Amino acid sequence: MKRVFIKGGKIVNSKESFVADILIENEKISKVFKNGEVAKLDEDTKVIDASGKLIFPGFIDAHTHFDLHVAGTVTCDDFYSGTRAAISGGTTTIIDFGTQYKGETLNEGMDNWLNKAKDGVFCDYGIHMSISDWNEEAKRQCQDMMDRGVTTFKIYLTYDILLHDNEAFEVLQRLKEVGAITGVHCENAGLIFALQQEFVEAGLQSKVSSHYKTRPAAAEAEAINRILHLAEVAGSDIIDVHLTCKEGLDEIRAARERGQKVYAETCPQYLTMTNSLYELPGFEGAKYVIAPPLREQSDIDELWKAIADGEIQTVATDHCSFTSEQKKLGMEDFRKIPGGMPGVETRGIVMYSEGVAAGRISVEKMCEVLCENPAKLYGLYDRKGFIEEGFDADIVILDPDAQTKITAATQVSKCDYAPLEGKVLSGHIDKVFLRGSEVVDNNKIKDTPEGKFLERKPYQKFL
């Protein structure tokens with residue numbers, strides 16, 4: 001492979017940023033030249049001038065749902081289109097949630113998800129395993145997952161694949177034994193069901209706004225509290241995924257005060273949009289139906305501050321895309337609206353514009369929550385998430401002086417709408433490298449998918 005030399009850019013990591021040059025050879029970062037060091041290059045080396053631009057490690061999105069069968073339909077982005085969208089926005093690694101459906105073993109669920117990627121992927125990828133059928137065989141196969149490089153799991157406290165408290169507790173115990181950690185979707189299923197019944201009986205079944213009104217912040221906070229106390233007794237670390245609200249954050253704070261290790265993730269949608277969108281006329285608000293739902297502006301402000309203060313460790317997308325037509329499955333019943341929205345291609349630039357450029361977080365913090373912390377938490381800390389010699393040459397060059405306009409007409413995702421339609425953001429993704437290969441150049445994506453499956457190590461404790 002031809003050598004690549006990136007000169008003059010400002011390298012961003014979580015501790016400091018500095019101007020330096022990078023030499024890429026054989027898919028790896030061969031050398032970082034700083035403090036006046038001068039590289040000797042041969043004529044075959046491709047030179048890229050990144051002066052005035054920011055150089056990040058490739059972004060890691062550890063929360064995607066591609067080709068997922070749910071709510072009577074299938075997400076419109078599969079692994080091919082979803083990872084193509086991801087790489088366009090600087091995400092060089094995704095970790096998708098594989099699912100063990102009722103009646104399946106964990107190994108069968110894993111095989112099914114690997115098969116979904118058979119048509120090719122545009123970024124490197126790993127798989128979490130969602131446990132929905134807890135039994136003795138599943139308990140045994142947790143070790144099989146670890147042996148196959150699936151070192152993180154997920155459980156749900158809502159939906160039809162929820163685990164009851166005794167099952168969730170046993171999962172926590174078992175994952176501690178094998179050295180794994182699980183993410184948890186935290187909402188109180190019983191409370192939500194009771195509220196939904198009330199709204200249906202009141203004739204509010206066809207109102208999109210019934211969605212968020214029947215999934216209050218209290219339902220999320222209670223479930224977070226409950227799983228954290230189960231984890232306390234099990235002696236297990238835990239990840240709260242897609243945190244949306246101050247009430248939930250306060251439960252995490254309380255657990256940390258008890259001495260527990262709790263890792264928190266939030267998503268760009270919870271940092272940029274409010275539940276007022278569910279009040280849009282007609283069925284327009286269905287585009288924003290996700291679970292947990294969007295919250296208040298005060299929650300947005302609290303989450304940004306928590307990121308800046310290090311209380312939230314990662315920002316992922318929960319990319320789960322459905323077309324406007326698919327959303328219509330719930331036109332007559334808000335409970336049947338497929339929950340999810342796109343976001344995998346805009347996360348990096350949203351975090352730069354709404355976080356760094358807006359003065360909410362530092363550029364170093366952006367690197368921490370999009371690159372370094374996900375690499376540690378999801379077992380990729382030996383090759384991803386850092387611009388260091390010997391690491392994979394996954395690199396994002398971001399132009400801070402340019403702008404990006406969000407439109408459905410130009411997005412890569414198959415989704416026919418963009419949640420942030422028309423918004424002009426500060427910054428633009430100029431180039432993206434995947435293991436040294438230039439796969440994106442000013443919005444043009446390399447046609448050949450070059451992503452590889454990643455067998456991951458156990459998570460690295462860093463709290």
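These figures come from a predicted structure and were not determined experimentally. (Residues numbered from 1 in each chain as written. Predicted model: local features only at pLDDT ≥ 70, side-chain atom pairs only at ≥ 80, totals over all residues. Heavy atoms only, no water.)

Engineer: Describe the overall build of the protein chain, naming the residues involved and giving the relevant values.
Structural biologist: Summing up its helical and strand segments, the protein chain has 13 helices and 19 strands in all. In terms of overall dimensions, the protein chain is globule-like: its C-alpha atoms have a radius of gyration of 21 Å, near the 23 Å expected for 463 residues. The principal-axis extent of the C-alpha atoms belonging to the protein chain is close to 75 × 50 × 45 Å. In the protein chain, which comprises 463 residues, the share counted as buried stands at 62%. Counting contacts in the protein chain only where the partners sit at least 6 residues apart, residues at least 24 apart contribute 75% of the total. Accessible surface, the protein chain: about 17200 Å² in total, of which carbon and sulfur atoms supply 47%. Separation of charge centres in the protein chain, based on 54 positive and 74 negative side chains, amounts to 2 Å. (Helix = DSSP H or I, 4+ residues; strand = E, 2+ residues; numbered from the N terminus. Rg over C-alpha atoms; globule rule 2.2 N^0.38 Å. Buried < 20%, exposed > 50% of the residue type's maximum accessible area, 1.4 Å probe, protein only. Contact = heavy atoms within 4.5 Å. Areas by Shrake-Rupley, 256 points an atom, 1.4 Å probe, with all protein chains shown as cover. Lys, Arg positive; Asp, Glu negative; His and termini not counted. Charge placed at Lys NZ, Arg CZ, Asp CG, Glu CD.)

Engineer: Hey, could you go over the side chain of T274 for me, with residue numbers and the actual values?
Structural biologist: Along the chain, T274 turns up in the loop between α9 (269-272) and α10 (297-308). At 2.8 Å, the side chain of T274 and the side chain of S276 are in polar contact. Residues in contact with T274, not counting those within four places in the same chain, are L294, R295, E296, Q297 and I300. (Polar contact = N/O pair within 3.5 Å; in protein donor to acceptor, adjacent residues only side chain to side chain.)

Engineer: Tell me about the nonpolar core, and name the residues and values.
Structural biologist: One recurring pattern in soluble globular proteins: nonpolar side chains tend to sit buried together. Judged by nonpolar contacts, the single largest core of 109 residues is most densely connected at F56, F153, I227, M351 and M366. Per-element tally for this core: the top contributor is helix α7 (residues 217-234), with 7 residues. If near-sequence neighbours (up to four positions away) are discounted, I227 is found in contact with I155, L157, A168, L172, V184, C186 and I238. With 17 residues, the next largest nonpolar core counts I48, A393, I395 and F433 among its residues. (Core = buried A, V, L, I, M, F, W, Y, C linked by side-chain atoms within 4.5 Å.)

Engineer: Outline the pattern of salt bridges, supporting the account with residue identities and numerical values.
Structural biologist: Counted by the stated rule, this structure contains 38 salt bridges. Residues D124 and K384 are paired through a salt bridge, measuring 2.7 Å at the closest nitrogen-oxygen approach. Taken together, the positions of D124 in strand β10 (residues 124-131) and K384 in the loop between α13 (363-377) and β16 (395-405) put the pair 260 residues apart, joining distant regions of the chain. Each of the two residues, D124 as well as K384, counts as buried. Note that D309 is salt-bridged to K305, the shortest N-O span being 2.7 Å. One network of salt bridges, in which partners are shared, links E27, K28, D124, K384, D392, D394, R435 and K452. (Salt bridge = Lys/Arg side-chain N within 4 Å of Asp/Glu carboxyl O.)

Engineer: Residue-level account of unusual backbone geometry, with values.
Structural biologist: Cis geometry marks the peptide bond from A291 to P292, where omega comes out at -5 degrees. Counting through the fold element by element, P292 comes out in the loop between α9 and α10. Residue N35 is not a glycine yet carries a positive backbone phi of 55 degrees. For N35, the position within the fold is in the loop between β3 (28-33) and β4 (46-49). Looking at N35, the relative accessible area reads 77%, which means it is exposed. A positive phi is found at N442, a non-glycine position, where the angle reads about 50 degrees. Considering the arrangement of structural elements, one finds N442 in the loop between β18 (437-441) and β19 (444-445).

Engineer: Got a sec to walk through the side chain of E220? Specific residues and values, please.
Structural biologist: Relative to the helices and strands, E220 resides in helix α7. Residue E220 is classed as buried on the basis of its relative accessible area of 1%. With residues up to four places along the chain from it excluded, the contact list for E220 reads C186, E187, H242, L243, T244, C245, P292 and R295.

Engineer: Tell me about the packing of helix α4 (residues 165-178) against α7, and name the residues and values.
Structural biologist: The contact between α4 and α7 brings their axes to 9 Å, and the two run at 45 degrees. When the axis of α4 is compared with that of α7, the two are oblique. As α4 packs across α7, the resulting crossing turns out to be right-handed. Taking contact as the criterion, the partners of D165, A168, F169, L172, Q173 and K176 in α4 are, on α7, R226, I227, L230, A231, V233 and A234. (Axes fitted to C-alpha atoms, helices over the stretch in contact; angles between N-to-C directions. Parallel < 35°, antiparallel > 145°, perpendicular 65-115°, else oblique. Left-handed = near helix turned anticlockwise from the far one by under 90°.)

Engineer: Can you lay out the UniProt feature "modified residue: N6-carboxylysine" (unreviewed entry) in the protein chain for me, pointing to particular residues and giving the numbers?
Structural biologist: Residues annotated by UniProt as "modified residue: N6-carboxylysine" (unreviewed entry) correspond here to K154. Mapped onto the elements, K154 comes out in strand β11 (residues 152-156). In contact with K154, other than residues within four places in its own chain, are H63, H65, F97, M129, S130, I131, T182, G183, H185 and V241. (UniProt positions renumbered as here; feature names shortened; annotations may be inferred.)

Engineer: Go over the sheet that holds strand β14 (residues 262-266), please, and point to the residues and values.
Structural biologist: Spatially, the 8 strands line up as an open sheet ordered β6-β9-β10-β11-β12-β13-β14-β15, and their pairing is parallel. Across the chains shown, the open sheet's two edge strands, defined by having one partner strand only, are β6 (59-64) and β15 (314-315). Inspection of the sheet shows β6 paired to strand β9 (residues 91-100) by 4 bridges, in the parallel sense. Directly across from T64, in β9, lies its bridge partner D96. Contacting β9, β10 and β11, helix α3 (residues 136-147) runs over the sheet at an angle of about 145 degrees to β11. (Pairing = 2+ DSSP bridges.)

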